[in-house]
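# Structure at a glance
What follows is each chain in one-letter form.
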Amino acid sequence: MKTRTVLHYAVLCAIALVCVFPFWWTVVTALSTEGNIFAFPPTFWPKSPSLENFEEAFRVIPFLAFFKNSVLIAAFTVFWKLALCSMAAYPLARMHFKGRRLVFGLILATLVLPSEVNFLVNFITVTKLSLVDTYAGVILPNVVTAVAILLLKQAFEEVPQDLIDAARVDGASEWIIFTRIMLPLIAPWLATVGILTAVEAWNEYIWPSIVMSKPDEFPLSVGVLYLRGTFGSSTRVIAAGTVLTILPTLAAFLFTQRYFMRGMDGAVK
């Protein structure tokens, strides 16, 4: 039994090392001012550590403006995804109507399609709606996803039917049941979907770079590419910009991980 436990921990440590190493190497590169960053074996501690690469990143790009754009895009994406996906999941979980299984099956069928397949259709739609170079054009295609609907549908199904029946006997409307009973009870699942959505929206690169053409409206994930420069680039400065881009999502996850784990535990059950 002890051997099996040790083996499990060894495998977990190996997986953790593989996951953490790229981020740690980026941090070491951002803090280093000397040495060959592409040396093998790699350096695991910065040589002559300094913050000058971070200062250079702030000087080269309008970091705070890009940061504000990313916050706005992520916040509105989270809000509208929670609102729309919960309103789609509730009737699929608790209402009986013709074609419910067909609708749910069609939603699940979209999971087999990679997101890149929708780029052309989404871009044509955004263009027809005159939403190019707007935050709405970036946000709109990402506010409803099958994964979010599936998680929230399962969350609604976990709520005892007796609560809903009691509310209906007391004369509560479906909207009151949905907003005042169901949503508070599935708060951990909402938090889980919100965290996943925020991270996804924050790290999104391809779609914003397609829709946006004005540099002052770029999110941080796109704007950080300006660190490459026109005639040359510094890998250390790019690494510093990458670290600055990652830190907000890392900090947000660390502060909200208990809600995330509660939601995922409920989803597994």
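Residues numbered from 1 in each chain as written. Predicted model: local features only at pLDDT ≥ 70, side-chain atom pairs only at ≥ 80, totals over all residues. Heavy atoms only, no water.

## Here we look at unusual backbone geometry
A positive phi angle is found at serine 130, which is not glycine, with a value near 60°. Turning to its location among the elements, serine 130 is positioned in the loop between α5 (119-128) and α6 (135-139). Classification of serine 130 by relative accessible area gives exposed; the value is 59%. For aspartate 133, which is not glycine, the phi dihedral falls at a positive 65°. Tracing the chain through its elements places aspartate 133 in the loop between α5 and α6. (Helix = DSSP H or I, 4+ residues; strand = E, 2+ residues; numbered from the N terminus. Buried < 20%, exposed > 50% of the residue type's maximum accessible area, 1.4 Å probe, protein only.)

## Considering the domain arrangement of the protein chain
Where interface size is given, it is often the accessible area lost as the parts come together that is meant. Parsing the protein chain into structural domains produces domain 1 (1-49) and domain 2 (54-266). Counting residues at the interface gives 12 residues for domain 1 and 10 residues for domain 2. Buried surface at the junction of domain 1 and domain 2, both sides included, amounts to about 790 Å², of which 78% is carbon and sulfur. Scanning the region where domain 1 abuts domain 2 turns up zero salt bridges. Inspection of the domain 1/domain 2 interface yields one residue pair in polar contact (both at pLDDT 80 or more). For the side of domain 1 that touches domain 2, the per-class residue count stands at six nonpolar, five polar and one charged. (Domains from an automatic or database assignment. Contact = heavy atoms within 4.5 Å. Buried area = accessible area lost by both parts, 1.4 Å probe. Salt bridge = Lys/Arg side-chain N within 4 Å of Asp/Glu carboxyl O. Polar contact = N/O pair within 3.5 Å; in protein donor to acceptor, adjacent residues only side chain to side chain. Nonpolar A, V, L, I, M, F, W, Y, C, P; charged D, E, K, R; others polar.)

## Notes on the packing of aromatic side chains
As enumerated under the stated definition, the model contains nine aromatic pairs in all. Each ring, one from phenylalanine 67 and one from tryptophan 202, has its centre 5.4 Å from the other, and the planes form 75°; the classification is edge-to-face. Of this pair, phenylalanine 67 sits in helix α3 (residues 63-94) while tryptophan 202 sits in helix α10 (residues 187-203), and the two are 135 residues apart along the sequence. Joined through ring pairs, the aromatic side chains of Phe58, Phe63, Phe67 and Trp202 make up one cluster. Here the basic side chain of lysine 153 rests over the ring of phenylalanine 104, its NZ or CZ set 4.5 Å away from the ring centre. (Phe/Tyr/Trp six-rings, centres within 6.5 Å; stacked < 30°, edge-to-face > 60°. Lys NZ or Arg CZ within 6 Å of the ring centre and 35° of its normal.)

## Examining the UniProt feature "transmembrane region" (unreviewed entry) in the protein chain
UniProt annotation of "transmembrane region" (unreviewed entry) refers to residues 7-25, 71-90, 102-124, 136-156, 177-199 and 237-255 when read in the numbering used here. Here residues 71-90 runs as 100% helix and 0% strand, with 28 Å between its end C-alpha atoms. Strand forms 0% of residues 102-124 and helix 61%; the C-alpha atoms that close the span are 27 Å apart. (UniProt positions renumbered as here; feature names shortened; annotations may be inferred.)

## Observations regarding empty space enclosed by the protein
By the definition in use, this model includes three cavities of 30 Å³ or more. Empty space within the second largest cavity amounts to approximately 40 Å³. Lining the second largest cavity are Ile73, Thr77, Val138, Asn142, Ala201, Glu204 and Pro208. A breakdown of the residues in the lining of the second largest cavity according to their chemical character gives four nonpolar, two polar and one charged. (1 Å grid on protein atoms, 1.4 Å probe; cavity = no way out; pocket = protein on both sides within 12 Å on 5 of 7 lines; lining within 4 Å. Points joined across faces, edges and corners; volume = space filled by probe spheres on them.)

## So, the nonpolar core
Within the largest apolar cluster, 30 residues are counted, with the highest numbers of intra-cluster contacts made by Ala30, Phe54, Val138, Trp207 and Leu227. When residues in this core are grouped by element, the largest group, five residues, is from helix α13 (residues 235-268). Formed by 22 residues, the second largest nonpolar core is a distinct cluster that contains Ala89, Leu92, Phe156 and Leu190. (Core = buried A, V, L, I, M, F, W, Y, C linked by side-chain atoms within 4.5 Å.)

## Topic: the layout of surface pockets
Computed from the structure, the largest pocket encloses a volume of approximately 810 Å³. Ser115, Asn118, Pro141, Val144 and Thr145 are the residues nearest the centre of the largest pocket, which is lined by 30 residues in total. For the lining of the largest pocket, the elements supplying multiple residues, two or more each, are α5, α7 (146-158), α10 and α11 (206-211). The element that contributes the greatest number of residues to the lining of the largest pocket is α7, accounting for five residues. Of the residues that constitute the lining of the largest pocket, the class distribution is 18 nonpolar, eight polar and four charged. Lining of the second largest pocket is provided by 14 residues; of these, Asn203, Thr242, Thr245, Ile246 and Thr249 occupy positions nearest its centre. For the lining of the second largest pocket, the secondary structure elements donating two or more residues are α10 and α13. For the lining of the second largest pocket, the element with the highest residue contribution is α13, accounting for seven residues.

## Thoughts on a nonpolar patch on the surface
On the surface, Leu72, Phe76, Phe79, Trp80, Leu84, Met87, Val144 and Trp175 cluster together into a nonpolar patch covering about 780 Å² of accessible area. In this structure, phenylalanine 76 sits in helix α3. (Patch = residues over 30% accessible without salt bridge, like charges linked within 9 Å, V, L, I, M, F, W, Y side chains within 5 Å. Areas by Shrake-Rupley, 256 points an atom, 1.4 Å probe, with all protein chains shown as cover.)

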